[in-house]
Amino acid sequence: GQQVMQIPQYQHVQEGEDFTTYCNSSTTLSNIQWYKQRPGGHPVFLIQLVKSGEVKKQKRLTFQFGEAKKNSSLHITATQTTDVGTYFCLYSGAGSYQLTFGKGTKLSVIP
Amino acid sequence: NAGVTQTPKFRVLKTGQSMTLLCAQDMNHEYMYWYRQDPGMGLRLIHYSVGEGTTAKGEVPDGYNVSRLKKQNFLLGLESAAPSQTSVYFCASSYFGLAGEEGYNEQFFGPGTRLTVL
């Protein structure tokens, strides 16, 4: 079956440092979405990646989809306290409708 | 627009009791989903619906039932609650599941229901 690992589970950074979370799959993915959940809140959609090698940017956030469509990353440059929360990937396997969330990366930012 | 709303926000049940969680959306979305969120487990799909009158099982459907009698509402029922069902429950909706070559439509989430089963 499909195995997708989201790493790391936790990340503590000093404000101003960079942060990266990864979703790595053993099989090809159809597409991948990224969501952010603030503490006590609900997941909010950030971006979707569909094409091999795709890179999208939103201000300080950079999203990448690997050439083989097996890996994706979310990178935050110069973290701020407003970046605190848990970041999830939501993926589906090639040829499958089944959508599955990664277990998430919880980001803490130390002021 | 209210978006996705969930009722109730909090609930405490005793083992064996039943309850229904209500999800409502005013965005005319076709697809609706129920997830549960537990520490360290991420969000797991319980049931979903691709349209009025249809439902399907997700990753963890046991112990839950759902109904989609109206397009805007998606109900999650617990017939005999167990402590293992203590969790935060999120409802979500999307315009359609698949958006052609653009992948899947984004999901809009409700604020969640925190359920404790004693």
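Throughout what follows, the structure given in this document is the object of discussion.

Analysis parameters
Residues numbered from 1 in each chain as written. Chains lettered and ligands numbered in written order. Predicted model: local features only at pLDDT ≥ 70, side-chain atom pairs only at ≥ 80, totals over all residues. Heavy atoms only, no water. Patch = residues over 30% accessible without salt bridge, like charges linked within 9 Å, V, L, I, M, F, W, Y side chains within 5 Å. Areas by Shrake-Rupley, 256 points an atom, 1.4 Å probe, with all protein chains shown as cover. Salt bridge = Lys/Arg side-chain N within 4 Å of Asp/Glu carboxyl O. Helix = DSSP H or I, 4+ residues; strand = E, 2+ residues; numbered from the N terminus. Buried < 20%, exposed > 50% of the residue type's maximum accessible area, 1.4 Å probe, protein only. Pairing = 2+ DSSP bridges. Axes fitted to C-alpha atoms, helices over the stretch in contact; angles between N-to-C directions. Phe/Tyr/Trp six-rings, centres within 6.5 Å; stacked < 30°, edge-to-face > 60°.

Remarks on a nonpolar patch on the surface
All names here are of chain A. There is a patch of nonpolar side chains on the surface, built from Met5, Ile7 and Tyr22 and spanning about 290 Å² of accessible area. Take Met5: it is sitting in strand 1 (residues 4-7). Overall, the relative accessible area of 52% leaves Met5 in the exposed class.

Structural notes on the sheet that holds strand 3 (residues 19-25) of chain B
Residue and element names in this part refer to chain B. Pairing within the open sheet is antiparallel, and its four strands lie in the order 1-3-8-7. Where the open sheet ends on each side, the last strands, each with one partner, are strand 1 (4-7) and strand 7 (65-67). This sheet shows a mean twist of 20° between the axes of neighbouring strands, independent of strand direction. When strand 7 meets strand 8 (residues 73-78), the two strands line up antiparallel, connected through three bridges. Residue pairing in the sheet places Asn65 in a bridge with Gly77 of strand 8.

Describing the packing of aromatic side chains
In this structure the tally under the stated criterion is eleven aromatic pairs over all chains. A ring pair is formed by A:Tyr35 and B:Phe109, whose centres lie 5.9 Å apart and whose planes are at 80°; its orientation type is edge-to-face. Taken together, the residues span two chains, with A:Tyr35 in strand 4 (residues 29-37) and B:Phe109 in strand 10 (residues 108-109). In terms of burial, A:Tyr35 and B:Phe109 fall into one category: buried. When the centroid spacing of 5.9 Å and the interplanar angle of 65° are considered together, the rings of B:Tyr64 and B:Tyr89 count as edge-to-face. Residue B:Tyr64 is located in the loop between strand 6 (56-57) and strand 7, and its partner B:Tyr89 is located in strand 9 (residues 87-94); the two are separated by 25 residues in the primary sequence. This pair shows no difference in class: B:Tyr64 is buried, exactly as B:Tyr89 is. An aromatic cluster is built from A:Tyr35, A:Phe45, A:Phe88, A:Phe101, B:Tyr33, B:Tyr35, B:Phe90 and B:Phe109, whose rings are joined through pairwise contacts.

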